[in-house]
Amino acid sequence: MQMGTIARWEKKEGDKINEGDLIAEVETDKATVGFESLEECYMAKILLPAGTRDVPLGTVICITVEKAEDVKAFKDYTPEMVTATPASQTPAAAAAAPPAASLSPAQALGGSYPPHMKICLPALSPTMTMGTIQRWEKKVGEKLQEGDLIAEIETDKATVGFEVMEEGYLAKILVPEGTRDLLLGTALCIIVEKESDIPAFADYVETGVADIKPQPAPPAPPVTQQPVATPPMSTPPPAPRDPKGRVFASPLAKKLASEKGIDLQLVKGTGQDGQIRKKDVDSFVPSKAAPAPGVAAPSVAAVPTGTFTDIPITNIRKVIAQRLMQSKQSIPHYYLSIDVNMDMILQLRKQLNEEVKSENIKLSVNDFLIKASALACLKVPEANSSWQDTVIRQHHVVDVSVAVSTPAGLITPIVFNTHIKGLASISSDVKSLAERARDGKLQPHEFQGGTFTISNLGMYGIKNFLAIINPPQACILAVGGSEQRLLPADNEKGFDVANVMAVTLSCDHRVVDGAVGAQWLAEFKKFLEKPTTMLL
């Protein structure tokens, strides 16, 4: 494919687009295919009308935005403005185009290069303006199958796998591993259809790319009379060997299974003829976690010398810093705290874990907190709302964001439809999301959005703390650890020992008044102290 025709638009300007929705039908040189959205967004501007023929690859065909109120800003947008406007001036917009590929200048001008496809850096999230090549998964000369993972790219939110959409051969890598802050549309590599065409690109030079070198982390500066010794790079442990036996799985599924040490023979495939796909590996819950055989204990890292070490700021950490500052500076926070008697929940958890022990399910206290918070949001829907500048949006479903600490920083994967899920389902979702969050394998829709957030630091011995609101949400619950306290006995004679947990609700005063926040905490406390009420 070198050009395409816009056969039909499936969405109109202003329409809400969900992940997986068909945006348009594009006629290629072989067939008419549906062009699906990878993100939730809104159609802001259609730049090429239906019926437009011979559109070169890489042409921007429409503009999508993350927020509905941003649609009007692109009312008078024209195709000519796409190249005239720097990407930094339109941070809310993501250009939707066919798979990230375009003709090279040499080919477009009728040069001597054989037919080829140039893979360019795509927008992997609505807010992405730059990316970093973490690792190339293929080498020059290797055969590529549709769906193969060709590279891992760090965006502003996570590290995601970049898959190829066509069969071919990798003829040239234009950007080396470790290259940081690449702009969208930067040429990454060249793919050819025939293996015999690979040598023609041995000396291929792309303008503005040939001189790019990986940007290493800045070394620690020297200290007077004492040089700073750079800690030796630790060698990553070898990946688990491939599972024995014949299995039908996509290349990406095999790679993820290998990284996670999952035996593919235990995974049920949902693809054609039972083929195992990426989502099957992501959702797989092993029956019993066991350490890999023969894995030696890691060696003790050398103690760094000098007075300090400079740690490079990742894209994810930059976004966290921006969002937290925006939240704290622009949202009028107030805080409400309450103590909860956890004795009944702890007893119920013990009983339920005995019941589901044979199913290899182990419920955590956090699972009960997530469920209780979702039900409290149904009772007090004002807390399940968000500030949208011109309106307060009150959500009819409860999608609970759960704060997870990762090596790259804090991220909040979402348990969708928490209000209608059982404890076992919530537990499974949280474990899967947390594991993939720490591996940097979450998809954008799994951490963008949510209606209410829980942050639990009780496992670290923290008694109570004040959490920062996750905009545009209106509330976040900070959960501390439980401790034994003396409480007056029910018969008013003497005292009983009870497990008491302190929680603090941070509220956006623009959305949730103090009395409403107090109501929410009262409902939350009731569900935990009388857990049978969660069944009503």
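Residues numbered from 1 in each chain as written. Predicted model: local features only at pLDDT ≥ 70, side-chain atom pairs only at ≥ 80, totals over all residues. Heavy atoms only, no water.

Comments concerning the sheet that holds strand 25 (residues 452–456)
Then, number 1: The strand order across the open sheet built from six strands is 18-27-26-25-21-24, with neighbouring strands paired in mixed fashion. Unpaired on one side and paired on the other, strand 18 (333–341) and strand 24 (414–415) mark the two borders of the sheet.
Then, number 2: Bridge analysis of strand 18 against strand 27 (residues 495–508) gives nine bridges, and the strand direction is antiparallel. Opposite His-333, over in strand 27, you have Asp-508 as the bridge partner. (Pairing = 2+ DSSP bridges. Helix = DSSP H or I, 4+ residues; strand = E, 2+ residues; numbered from the N terminus.)

Quick word on unusual backbone geometry
Negative phi values dominate among residues other than glycine, just as trans dominates among peptide bonds.
Then, number 1: Of the consecutive residues Pro-471 and Pro-472, the connecting peptide bond is found in the cis state with omega at 5 degrees.
Then, number 2: By secondary structure assignment, the location of Pro-472 is in the loop between strand 25 and strand 26 (475–488).
Then, number 3: For Asp-54, which is not glycine, the phi torsion reads 50 degrees and is therefore positive.
Then, number 4: By secondary structure assignment, the location of Asp-54 is in the loop between strand 5 (41–46) and strand 6 (55–56).
Then, number 5: Even without being a glycine, Asp-181 presents a positive backbone phi close to 55 degrees.
Then, number 6: The topology assignment puts Asp-181 in the loop between strand 15 (168–173) and strand 16 (182–183).

Describing the pattern of salt bridges
Then, number 1: Summed over the entire model, instances satisfying the criterion amount to 17 salt bridges.
Then, number 2: As a salt-bridge pair, Arg-135 and Glu-152 come within 3.3 Å of each other at their nearest N and O atoms. Of the two residues, Arg-135 sits in strand 11 (residues 130–136) while Glu-152 sits in strand 13 (residues 149–154), which places them 17 residues apart along the sequence.
Then, number 3: Taking the shortest distance from any N to any O, the salt bridge between Asp-339 and Arg-485 comes out at 2.8 Å. Residue Asp-339 is found in strand 18, and its partner Arg-485 is found in strand 26; the two are separated by 146 residues along the sequence.
Then, number 4: Using a relative accessible area of 35% as the deciding quantity, one classes Asp-339 as partly exposed.
Then, number 5: Several salt bridges share partner residues, and in doing so they unite Arg-135, Glu-137, Glu-152 and Lys-441 into one network. (Salt bridge = Lys/Arg side-chain N within 4 Å of Asp/Glu carboxyl O. Buried < 20%, exposed > 50% of the residue type's maximum accessible area, 1.4 Å probe, protein only.)

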